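If you want the building blocks of each chain, they are given just below.
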Amino acid sequence: MERLWLVRLGRHGEGEKQAQEQCLLSIDFGVREDLRACKDRGAVLAVISRIHPDEKAATLRNYAAQVNQLINVARAGDFVVSPMKTSSTIWIGRLVGDYAPGPEGQITRKVEWLKTDLPRDTFKQDLLYSFGAFMTVCEVSRNNALKRIESVIDTGQDHGDGVTLTTGPSTPVVSSSVPESAEASDQLVDLERIARDQIERRVASVFTGHDFTRLVGAILNAQGYVARVTPPGADNGVDIVAGSGPLGLESPRLVVQVKSGTMIVDQPSLQALIGSIRTPRQIMA
């Protein structure tokens, strides 16, 4: 039976480029050697303890459990969810093949990406809470998570559990077969990320169309810029012009095109904005 794993790709997204371009998940607990002979958590712990002799016992057990989950517990065909810090999107894939050390001994697993660049608001809050776990590797199983991920792959939508929504830590599920498998919703979570998700949902529901443009202009004013918001209607690709100084004419100067909704800004939109920036008549109109 397939399982669903959360795999993070570095505190600051260091492993995201490799994952996206080479379809290779890589986690870093200081391991730079082949662990294929380590068939259980105890064997992994022995290696981790040797690599980090000054760490506390609890920390070493935590590291070993996460490494063991990725190299031994997770199987080919299992699903993977990876939140991307560099783009604030979520990617879904399937593990391909078994663990193999990377070129320099890193812990790696090949992945086939099935859905990429999904906006975070594709998922309901209970799943986002699990995706916010601080663990680098952990299982996501509660709230019918696996079937909901399959639904997102098929339809692009998370239809929810249909039974109950868990928005905080709950009693751990004890697994007799794999007791070392950590459940995401039992872990400490990134409260800043969760709060940001809630703010974004509120903004998206209240500020649409030109109201969102006015909100962005107000934020720029609060940041010390003098912002001029284009009235509703044809704007030639420029929604806001802002700059420093009493009249907003000093550097840095900003030309802003505002898009509301859940779309990912594409290349044509970016090229249209660049074209507007290079046309002084449109900026000063």
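Per chain, the residues get numbers from 1 upward, laid out in the order the sequence is written. pLDDT decides what is reported in this predicted model: residues at 70 or higher carry local features, side-chain atom pairs at 80 or more are listed and counted, and totals for whole chains, interfaces and linings draw on all residues regardless. With hydrogens and water stripped out, all remaining heavy atoms of the structure feed into the side-chain values.

Some words on the sheet that holds strand β7 (residues 226-229)
The following threshold applies: The pairing criterion for strands is at least two bridges between them, as found by DSSP. Secondary structure elements follow DSSP: runs of H or I of four or more residues count as helices, runs of E of two or more count as strands, with numbering from the N terminus. Axis angles are defined between N-to-C directions and span 0 to 180 degrees, where every axis is a line fitted to C-alpha atoms and, for a helix, only to the segment in contact. Two residues qualify as a contact provided that any one of their heavy atoms is within 4.5 Å of a heavy atom in the partner residue.
If you trace the three strands from one edge of the open sheet to the other, you get β7-β8-β9, paired in antiparallel fashion. Strand pairing shows two members of the sheet lacking a second neighbour, β7 and β9 (250-256), which therefore form its edges. With direction set aside, neighbouring strand axes in the sheet form an average angle of 15°. Here helix α7 (residues 210-222) sits on the sheet in contact with β7, β8 (240-244) and β9, set at roughly 165° to β7.

Section: the packing of aromatic side chains
The following threshold applies: Stacked, tilted and edge-to-face are the three classes assigned to paired rings of Phe, Tyr and Trp, where Trp is represented by its six-membered ring and a pair needs centres within 6.5 Å; plane angles under 30 degrees give stacked, over 60 edge-to-face, the rest tilted. Burial classes follow relative accessibility: with a 1.4 Å probe on protein chains only, a residue under 20% of its type's maximum area counts as buried, one over 50% as exposed, and anything between as partly exposed.
Here the structure, examined in full by the defined rule, presents three aromatic pairs. Measuring from ring centre to ring centre gives 5.4 Å for Phe123 and Phe131, while their planes differ by 80°; the resulting arrangement is edge-to-face. Both residues of the pair, Phe123 and Phe131, belong to the buried class.

Some points on the nonpolar core
Here is the rule: For the purposes of this section, nonpolar cores are sets of buried Ala, Val, Leu, Ile, Met, Phe, Trp, Tyr and Cys residues that join through side-chain atoms within 4.5 Å.
Val7, Leu25, Leu35, Val67 and Ile107 are the most contacted members of the largest nonpolar core, which has 29 residues in total. Among the secondary structure elements, those contributing two or more residues to this core are β1 (4-7), β2 (24-27), α2 (41-51), α3 (57-73), β3 (79-84), β4 (89-101) and β5 (107-119). Here this core gets six residues from one element, more than from any other, and that element is α3. Not counting the four nearest positions on each side in its chain, Val67 is found in contact with Ile27, Phe29, Leu35, Val44, Ile48 and Ile107. Among the nonpolar cores identified, the runner-up in size contains 20 residues, and Leu4, Leu127, Phe131 and Ala133 belong to it.

So, the pairing of β5
Direction of pairing for β2 relative to β5: antiparallel, over a ladder of four bridges. Looking at the pairing, Leu25 lines up with Arg109 of β5. Across nine bridges, β4 lies against β5 in antiparallel orientation. Looking at β5, one finds that Ile90 is bridged to Leu118. The hairpin turn running from β4 into β5, its antiparallel successor, is five residues long, and Gly105 in that turn takes a positive phi close to 90°.

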